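Each chain is listed here by its residues.
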Amino acid sequence: MSEINSICVFCGSKAGSDPEYQQSAQELGRLLAERKITLVYGGGSVGLMGIIADAVLEAGGKVIGVIPRQLATKELLHPGVDEMHVVDDMHTRKAKMSECSDAFIAMPGGFGTLEELFEVVSWVQLGIYLKPIGLLNTSGFYDPLLNMVEHCIETEFIKPKYRELIIADETPATLVDHLQRHQLPLIEKILNPEQI
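Residues numbered from 1 in each chain as written. Predicted model: local features only at pLDDT ≥ 70, side-chain atom pairs only at ≥ 80, totals over all residues. Heavy atoms only, no water.

A. The arrangement of the pattern of salt bridges in detail. All told, the structure shown has seven salt bridges when counted by the stated rule. Of the charged contacts in the structure, one is a salt bridge between R69 and D88, with a shortest N-O distance of 3.1 Å. Taken as a pair, R69 in the loop between β3 (63-68) and β4 (83-87) and D88 in the loop between β4 and α3 (90-99) lie far apart in primary sequence, 19 residues in all. Take D88: its relative accessible area is 57%, and that puts it in the exposed class. For K94, the salt bridge is made with E115, and the minimal N-O distance between the two is 2.5 Å. Residue K94 is located in helix α3, and its partner E115 is located in helix α4 (residues 111-125); the two are separated by 21 residues in the primary sequence. With relative accessibility at 9%, the residue K94 sits in the buried group. (Salt bridge = Lys/Arg side-chain N within 4 Å of Asp/Glu carboxyl O. Helix = DSSP H or I, 4+ residues; strand = E, 2+ residues; numbered from the N terminus. Buried < 20%, exposed > 50% of the residue type's maximum accessible area, 1.4 Å probe, protein only.)

Okay, here's the thing in structure tokens:
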């Protein structure tokens, strides 16, 4: 059982077309506050980012925001987040978010969310750090991605054991429970390309 005191949530700067995405973000935010788990996120006030941050704050929880300087405009930066790190670029943002987090959850989102998700999956696969990763699969949003992972396994681009790097669940409480109990597959130190 992993002790999880903080979770980095990757999510969209838009709210998405399905109201379930917004409801799920609110539910996850309240859950994190109730369990005294710090939210680490991209620092924005719009879309699902703003919704989850608002939900945590309204429930009395702790939020850490990390936002690149070029995005830290009055319109985008969340004014209610006390611990806001304004960093120089996207690479520094991701490194800081990872440093502050014990686990990761990807909610629905676009290119940025997917890029952040796959970077942390790759880092765990390479043994750079060992932290659980979850997909909040609201309304089956991540079903196509999970199918793509299966396709990569079937075509031998991903080893079958690495299927266990990502946990998917539709319910925030169940997903967080799974992250706390999750055992990552054995990650060997990479000595040659055949081990990847």
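The structure having been displayed, the exposition proceeds.
B. Just the nonpolar core, in detail. Membership of the largest hydrophobic core comes to 31 residues, with the highest contact counts inside it found for I7, V9, L28, L39, I52, I105 and M107. Elements with a contribution of two residues or more to this core: β1 (6-10), α1 (19-34), β2 (38-41), α2 (47-58), β3, β5 (103-106) and α6 (172-181). Dropping the residues within four chain positions of it, L39 is found in contact with I7, V9, L32, I52, A53, V56, K62, V63 and I64. Listed in part, the 25 residues of the second largest apolar core include F104, A106, V120 and L135. (Core = buried A, V, L, I, M, F, W, Y, C linked by side-chain atoms within 4.5 Å. Contact = heavy atoms within 4.5 Å.)

C. Looking closely at the environment of G16. Mapped onto the fold, G16 is located in the loop between β1 and α1. When the C-alpha atoms of G16 and S139 are compared, they prove to be 12 Å apart, with 123 residues separating the residues in sequence.

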